[in-house]
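Structural overview for review
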Amino acid sequence: MSVQTWTWLLVGITFALYFGIAIWARAGSTKEFYVAGGGVSPWANGMATAADWMSAASFISMAGIISFAGYDGSVYLMGWTGGYVLLALLLAPYLRKFGKFTVPDFIGDRYYSNTARTVAVICALIVSFTYVAGQMRGVGIVFSQFLQVDINIGVIIGMTVVLTFALLGGMKGITYTQVAQYCVLIFAFMVPAFFISMQMTGNIIPQLGMGGTVEGGEFLLDKLDKLHTQLGFNEYTSGTKSTWDVFAITLALMTGTAGLPHVIVRFFTVPKVKDARKSAGYALLLIAILYTTAPAIAVFSRTNLIETVSDKEYADIPVWFKNWEDTGLIAWSDKNGDGKIQYVAGSSLDGKKPIYTDARGLNGERMISNASTAQNELYVDRDIMVLANPEIANLPNWVIALVAAGGLAAALSTAAGLLLVISTSVSHDLIKKQLRPNISDKAELKVARIAIFVAILIAGYFGINPPGFVAAVVALAFGLAAASFFPAIILGIFDKRMNSQGAISGMVVGIVLMLFYMMKFKLNMFGGGTSEDWWFETSPEGFGTIAMCVNIVISVVVSRMTPAPPQNVQDMVESIRIPSGAGEASDH
Amino acid sequence: MSEKQKNATAYWKENLKYLIILLLVWFIVSFGCGILFREELNEFRLGGFKLGFWFAQQGSIYVFVILIFVYVRLMNKLDKKYGYDE
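All values reported here derive from a predicted model rather than from experimental measurement.

**Some points on the overall build of chain B**
When its secondary structure is counted, chain B shows three helices and two strands. For chain B, the N- to C-terminal ordering of α and β elements is α-α-β-β-α. Relative to the globule expectation of 12 Å for 86 residues, the C-alpha radius of gyration of chain B, 18 Å, shows a markedly less compact shape. Dimensions along the principal axes, computed over C-alpha positions, put chain B at roughly 60 × 20 × 15 Å. Counting only residues that meet the buried cut, chain B has 37% of its 86 residues in that class. Put simply, 49% of the contacts in chain B that link residues at least 6 apart link residues at least 24 apart.

**Remarks on the UniProt feature "transmembrane region" (unreviewed entry) in chain B**
Residues and elements named next belong to chain B. Under the local residue numbering, the UniProt record ascribes the feature "transmembrane region" (unreviewed entry) to residues 16-37 and 52-72. The span residues 16-37 shows a helical share of 95% and a strand share of 0%, and its end C-alpha atoms are spaced 27 Å apart. The distance separating the terminal C-alpha atoms of residues 52-72 is 28 Å; by composition the span is 100% helix and 0% strand.

**Let's talk about the domain arrangement of chain A**
Domain assignment breaks chain A into domain 1 (3-304 + 394-576) and domain 2 (330-380). The centre of domain 1 of chain A, based on its C-alpha atoms, is set 35 Å off from the matching centre of domain 2 of chain A.

**Quick look at the confidence of the model for chain B**
Of the residues in chain B, 99% reach a pLDDT of 70 or more, and the chain-wide mean stands at 90. We note a pTM of 0.89 for the whole complex and an ipTM of 0.95 for its interfaces.

**Topic: the nonpolar core**
Among the nonpolar cores identified, the biggest contains 216 residues, and Leu 185 and Leu 419 of chain A together with Ile 68 of chain B are the most heavily contacted of them. Here this core spans two domains, since at least three of its residues come from each of domain 1 (3-304 + 394-576) and domain 2 (330-380) of chain A.

**What about helix H1 (residues 3-24) of chain A?**
Residue and element names in this part refer to chain A. Compared with the 32 Å implied by 1.5 Å per residue over 22 residues, the 32 Å span of H1 between its first and last C-alpha is a close match. Within H1 the residues assigned to the buried category are Trp 6, Thr 7, Leu 10, Val 11, Thr 14, Tyr 18, Ile 21 and Ala 22. With its buried residues spanning 135 degrees around the axis, H1 presents them on a single face. Exposed residues on H1 whose side chains face more than 90 degrees from its buried face are Thr 5, Gly 12, Ile 13, Ala 16 and Ile 23.

**Some thoughts on the packing of helix H8 (residues 151-201) of chain A against helix H17 (residues 441-464) of chain A**
Relative placement of two packed helices is described by the angle separating their axes and the distance separating the axes. Residues and elements named next belong to chain A. Remark: H8 packs on H17, axes separated minimally by 10 Å, with the N-to-C direction vectors making an angle of 165 degrees. Of the possible angle classes, the one that applies to H8 and H17 is roughly antiparallel. The handedness of the crossing between H8 and H17 is right-handed. Facing Asn 152, Val 155, Ile 156, Met 159, Val 162, Leu 163, Ala 166 and Leu 167 of H8, the residues of H17 in contact are Arg 449, Ile 452, Phe 453, Ile 456, Gly 460, Gly 463 and Ile 464. In the contact of H8 with H17, the residues fall into eleven nonpolar, three polar and one charged.

**Brief notes about the UniProt feature "domain: Sodium symporter small subunit" (unreviewed entry) in chain B**
In the numbering adopted here, UniProt assigns the feature "domain: Sodium symporter small subunit" (unreviewed entry) to residues 9-84 of chain B. Strand forms 5% of residues 9-84 of chain B and helix 83%; the C-alpha atoms that close the span are 13 Å apart.

**Examining the confidence of the model for chain A**
Residue and element names in this part refer to chain A. With 96% of its residues at a pLDDT of 70 or more, chain A shows a mean pLDDT of 84. Model confidence for chain A, summarised as mean pLDDT per element, is weakest for helix H2 (residues 30-35) at 72 and strongest for helix H20 (residues 543-561) at 94. Counted against residues more than four places away or in other chains, residues 582-588, with its pLDDT under 50, gives 13 contacts.

**Quick word on unusual backbone geometry**
Residues and elements named next belong to chain A. Positioned with a positive phi, Tyr 112 is a non-glycine residue whose angle comes to about 35 degrees. Within the secondary structure layout, Tyr 112 lies in the loop between helix H6 (103-110) and helix H7 (114-147). At Asp 311, a position not held by glycine, the phi torsion is positive, near 60 degrees. Here Asp 311 lies in the loop between helix H13 (273-309) and helix H14 (319-326).

**Re the interface of chain B and chain A**
Contact residues are listed per partner, giving 39 residues for chain B and 43 residues for chain A. Where the side of chain B that touches chain A is concerned, the elements lending two or more residues are helix H1 (3-36), strand E2 (49-50) and helix H3 (51-81) of chain B. Among the elements that make up the side of chain B that touches chain A, the one with the highest residue count is H3 of chain B (16 residues). Taken together, the residues that form the side of chain B that touches chain A break down as 24 nonpolar, ten polar and five charged.

**Structural notes on the packing of helix H15 (residues 384-392) of chain A against helix H16 (residues 397-435) of chain A**
Residues and elements named next belong to chain A. The geometry of H15 relative to H16 is characterised by a closest axis approach of 9 Å and an angle of 170 degrees between their N-to-C directions. Put simply, H15 runs roughly antiparallel to H16. Every residue of H16 that contacts H15 at Val 386, Leu 387, Pro 390 and Glu 391 is listed here: Val 399, Ile 400 and Val 403. Class assignment for the residues of the contact of H15 with H16 results in six nonpolar, no polar and one charged.

**Quick word on the pairing of strand E2 (residues 356-360) of chain A**
All names here are of chain A. A small share of E2 lies buried, amounting to zero of its five residues. Examined bridge by bridge, E2 and strand E3 (residues 366-368) share two bridges and lie antiparallel to one another. Bridging from a neighbouring strand, Arg 360 pairs with Arg 366 of E3. Hairpin connection, E2 to E3: the antiparallel pair is bridged by five residues, and Gly 364 has positive phi, about 95 degrees.

Rules used throughout
Residues numbered from 1 in each chain as written. Chains lettered and ligands numbered in written order. Predicted model: local features only at pLDDT ≥ 70, side-chain atom pairs only at ≥ 80, totals over all residues. Helix = DSSP H or I, 4+ residues; strand = E, 2+ residues; numbered from the N terminus. Rg over C-alpha atoms; globule rule 2.2 N^0.38 Å. Buried ≥ 20, exposed ≤ 12 C-beta atoms within 10 Å, placed from the backbone. Contact = placed C-beta atoms within 7 Å. UniProt positions renumbered as here; feature names shortened; annotations may be inferred. Domains from an automatic or database assignment. pLDDT = per-residue confidence, 0-100. Core = buried A, V, L, I, M, F, W, Y, C linked by C-beta atoms within 7 Å. Expected span 1.5 Å × (residues − 1). Arc of directions from axis to C-beta. Axes fitted to C-alpha atoms, helices over the stretch in contact; angles between N-to-C directions. Parallel < 35°, antiparallel > 145°, perpendicular 65-115°, else oblique. Left-handed = near helix turned anticlockwise from the far one by under 90°. Nonpolar A, V, L, I, M, F, W, Y, C, P; charged D, E, K, R; others polar. Pairing = 2+ DSSP bridges.

In structure tokens:
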């Protein structure tokens, strides 16, 4: 069977499965809709959290980014896993004990202030919307790449699917579909990895193969380092970023992960505090399977790519190269006219993406109008490494199709989780808690469903018309979460003296500072600037670390100059620190 | 302070002690071995890996997983000790 038939088949089967689950797990009450009734087992919640967490970016882009960044890519690996340690130790158990539905719920109650609640809702909406737009785009790309449908139709199909299981089941439906989606995506990620690891190193476990030897007895990583040095790239296992910047980015990603509302809310769905801790452990275990495999895939595909294309005649190049050239993700211009592909350090283009003309070159390659004067002749989009890997390694058609189904599972599960956070923020945090406290359970559920519908339309719009800044902003959503939520929640639990004045001023200054830095250096506003002008030599990606520290200092200083929080709030803090019972902790 | 409150304070103190130890390990494997001291560790090897590189792309993640499960065990025991088990 052809790749395309296989893809339709596998995508069809998995989609039917998701629909089936959505119908089976319909939600009847707001509690079921928001937190799946609080009765999800720790294993199921761990799987759902893992699927929720691993987005199209983790599945499709991360291994590619690492394969081009080498050691520098470690920031994502450590940052996006280490955050779970913070989550498990510092947040999840206490928030579960607190026992409400959302992060703004906690901020609003702990800081006894609707202003704090509103600030939290706004932060949650900014973070979630930037994130979800990227997912819808991911769905569109997978559809267009593998099923040859228009990218916009792909987005619309994705929207319909997410809408169905989110509307019917709320958190309950989403949780159980995510369990299925986790299984699909991890299977799809691992199968090609096993194949390629076996092919290249003779060891079927990619984590071991990465440190193994290739033909001739040389260690794979040494060989790759040598290839890199020969072609003028940096040594793969070293890096180019400064140690401080690697440190700052890793910390910002970790604390950002722990502060993301759609991740935190998952820990409201388990029955007990004990389960919240355990569930974070399962989630990280399941995530670690992908995150320790990704760097191995990065090394395999990097080596494969260099060996397949470097200094080879274009005429002899395998067909996958030309296919991806047709979709615009590879571009080659024969600068020295020798018909061979020179792949060396330096950008082959002026600008970020190739601009194709309609003409074909002497060798049959697509011509581009923005080739640079650098020696390097080849442009390869980082996103194709995972998608093209099975083709590069000559794997069977069903494996290639599997990767498409896996990419869709990853994008859809994350999108669904985010949309739920958005709708909850509107129906629960804004309408129920602020505008109409007397709203009935049934009416609130209706509002939640309308909010999800509207949110999907907006997300779909951004998926079809992606604003240029989305890609830049998605990476920075972590900085925003690190600069706003993380300190407010941590201080709320660990510092009994923290009051509303402190927390609000900290959150506002933190997020404004982060937004300012991001706009200045990423979007060129407020006079812009280059890496020379960075404050404390910190990149915008790592600036969340600094904004977070500023937030903490301001919160602490302001809170000590203003009155202590009321007794009932202090009692509440005492109560969430103790795992058992929903009642009071102190008997004053 | 009532008995109940004393119990709660003692529980919280032990909890904080565990947190500090576990987070210290968390910091050492990732920020220490994987970032700050990776050059020094790269002098040593683990099979085909330079050690600092291994910590950054593999080792730290394994330790993270272990840390959470150690925490779960410790806290379950602590809950029992102070009668907060349910």
